[in-house]
Amino acid sequence: MKRIWILVMVFFLVGCSNNEDVYTSEPIENVTLTVQELSDFTDNTLNYYDIEVTLDDEKDQLIGKETITYHYDETEALEALYLHVYPNAFKSSSHPSLFDQEVTKAMTQEGSIEIKNVLINGKTIEYSYEPIDTVLKLPFDLIPGEDYMIEMDFVIQVSSTTERFGSIQGIYNLGNWYPILAVYDDEGWNLDPYYDVGDPFYSEVANYDVTLTLPEGYIPSASGYLYQKEDKTYHFRADRMRDFAFVLSDKFLIKEKLVNDTLVYLYYPSSLSNHYWTDHALTFAEETLLLYEDFIGDYPYKSYSVVITTFPSGMEYPGLVMISDQYFYDFDITNLRQTIVHESVHQWFYSLIGDDEIDEGWIDEGLTTYFTMYFDQAVYKKAYYDRTLKYYRDRRNKYGIENITVLKSAKDYADWSEYGVAAYVTPALMYDEIYKTYGDEKLKTFVQSLYSNYVYGILRYEDLIETLKTVYGEEVMEIVDRYLK
Ligand SMILES: [Zn+2]
């Protein structure tokens, strides 16, 4: 995510943003989604989600059914498995106030998910929400190496917010909406709640087949690609993705452009139909893909959707990013560019190269923040890079370097301001110093080596340090220790 504290930067940058370059993209305007060929990708070692869901826009509900083919590949037998059911975080007045306390208080409809009829391998399961509301516990003996078929029905109430999960002004932001398997790792089950600070999500790649039925006039944007459409029912597929998000609206217009072998979509509300920056928005996504497919590694998905929505800044999901419509209304091209680039860079750091965003969120945010700066320099002007660098240095100094701890869990930060300077700014300054010391080619070797070793996997602190040492030599630790200790 790109957070509110970055908005502070607007006041610093906006005065300098009059000399933006002229863009010349020729996107295809297309009110219907393109149906793409179903890929023959199979990997039966991955978990598989088969979800069928219908939107009821009168009640703001999603009603559906989910079937997961789950491969239990740990070495020890367990007595339960767990899924996150994040809509329950929006259930009570104590739900996370992610952005704006006032917006949170103004929520008139709470969000929730009601689970029904849970079966594992055809057998009825007595499930419970424990240890917290946002976790579904399914007691069942798990034997290493076995496969399980988990089935459940659900009714999801969408909250009336402009958060990652919420509906307002006829746009449904549907991030973290369906029951998703918790990760079992060397710490055991990761059952963290939906924290206020950070993007509090941690998941493994899986394959998805999602069937969505919409009311008349609605257009879906999705993490996966569309492979079949019958009347108001859309069939999406996503292979090796670590989450699946939607944004739905009856007000969307679409532009699309083929970039390498990915169809890049821009979704935007019809109120922006005369806004010429919609072309720019598509171009920023295109330029990011072109730069980083070359510099880091292949973007393997068949579609990528940039969705202009009510979300108040930017939020990344695999194959789909939410971008604030406010940048258009404010004519804030700098924040529009930086937010689209930032969320697009997350397609590599978080989506393809995963991490535990709760315990080590600085890994994806730090790399993403740095490669957003790097984009500005590589595609536009070095002055943009230098300006951001100066802003970050000032920000870190002003906060007090001695008050900043990068290596701690998102749940231990007091607020977004502290998290921003620790997880975004400080690692970005570290990568800047490494880049200035060792140069471009080494930087490329470093990120390509992250990509080749951790694509579709989870990158941890130890792995990151090991890769830095392998590429740059032991002496790089002199720089690393100054920022991370
Ligand atoms: Zn981010």
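Residue indices follow the written sequence of each chain, beginning from 1 at its first position. With the structure being a predicted model, the display of local features is reserved for residues of pLDDT at least 70 and the display and counting of side-chain atom pairs for 80 or more, all residues being used for whole-chain, interface and lining totals. Only hydrogens and water are set aside when side-chain values are computed; all heavy atoms of the structure are taken into account.

The subject of this paragraph is the pattern of salt bridges. Definition used for salt bridges: Asp or Glu carboxyl oxygen within 4 Å of a side-chain nitrogen of Lys or Arg. The tally for this structure, following the rule as stated, stands at 19 salt bridges. Across the pair Asp185 and Arg460 runs a salt bridge, and its minimum N-O distance is 3.9 Å. Of the two residues, Asp185 sits in strand β12 (residues 184-185) while Arg460 sits in the loop between α9 (440-454) and α10 (461-472), which places them 275 residues apart along the sequence. Residue Lys232 pairs with Glu216 through a salt bridge whose shortest N-O separation is 3.8 Å. Of this pair, Lys232 sits in the loop between β16 (225-230) and β17 (233-241) while Glu216 is found in the loop between β14 (206-213) and β15 (219-222), placing the two residues 16 residues apart along the sequence. Burial classification: accessible surface area is computed with a 1.4 Å probe over protein chains only, and a residue below 20% of its type maximum counts as buried, one above 50% as exposed, and the rest as partly exposed. In this structure Lys232 comes out as partly exposed when scored by relative accessible area, which is 30%. The exposure class of Glu216 is exposed, given its relative accessible area of 64%. Through salt bridges with shared partners, one network takes in Arg393, Asp432 and Lys436. Note on conventions: DSSP H or I runs of at least 4 residues are helices, E runs of at least 2 residues are strands, and numbering of each starts at the N terminus.

Metal donors were taken as nitrogen, oxygen and sulfur atoms no farther than 2.8 Å from the ion, or 3.2 Å where the ion is Na, K or Ca. Water is excluded, so coordination may look unfinished. Distances from the zinc ion to its protein donors, namely Met1 (N), Met1 (O), His342 (NE2), His346 (NE2), Glu365 (OE) and Glu365 (OE), fall within the range 2.0 to 2.8 Å. Sequence spacing of the donors to the zinc ion: M-x340-H-x3-H-x18-E. Of the two residues, His346 sits in the loop between α5 (333-345) and α6 (361-379) while Glu365 sits in helix α6, which places them 19 residues apart along the sequence. When its relative accessible area of 2% is taken as the criterion, Glu365 is described as buried.

All the domain ranges listed were derived from an automatic or database domain assignment. Taken domain by domain, the protein holds domain 1 (4-20 + 351-484) and domain 2 (47-333). Once you take the C-alpha centre of each, domain 1 and domain 2 turn out to be 26 Å apart. Here, two residues are considered to be in contact whenever any of their heavy atoms come within 4.5 Å of each other. Every contact between the two is made by 38 residues of domain 1 and, on the other side, 36 residues of domain 2. Throughout, the accessible surface (probe 1.4 Å) given up by two parts as they are put together, summed over both, is called the buried area. In total, domain 1 and domain 2 occlude about 3,200 Å² of area from one another, counting both sides; carbon and sulfur atoms represent 60% of this. It is Ile358, Trp416 and Tyr456 in domain 1 that bury the most area against domain 2; as a group they hold 21% of the surface buried on that side.

In this model, Glu130 is joined to Pro131 through a cis peptide bond whose omega is 5°. Phi angles above zero are rare outside glycine, and Asn121 is one such case at about 50°. For Asn121, a relative accessible area of 44% puts it in the partly exposed group. Positive phi outside glycine occurs at Asp231, with the angle close to 55°.

So, about the confidence of the model for the protein. The pLDDT value tells you how sure the predictor is about a given residue, anywhere from 0 up to 100. Scored by pLDDT, the protein comes out at a mean of 92, with 92% of its residues at no less than 70. Contacts from residues 4-25, a stretch scored under 50 in pLDDT, to residues over four places away or in other chains number 40 contacts.

Bringing the pairing of strand β8 (residues 147-157) into the picture now. For β8, the tally of buried residues reaches 8 of 11 residues, placing the bulk of the element in the interior. Two strands are counted as paired when DSSP detects at least two bridges linking them. Inspection of the sheet shows strand β3 (residues 61-71) paired to β8 by 11 bridges, in the antiparallel sense. Within β8, the position partnered with Leu62 by the bridge is Ile156. Here 7 bridges tie strand β5 (residues 112-120) to β8, and the two strands are oriented antiparallel to one another. Of the residues in β8, the one forming a bridge with Leu119 is Glu151.

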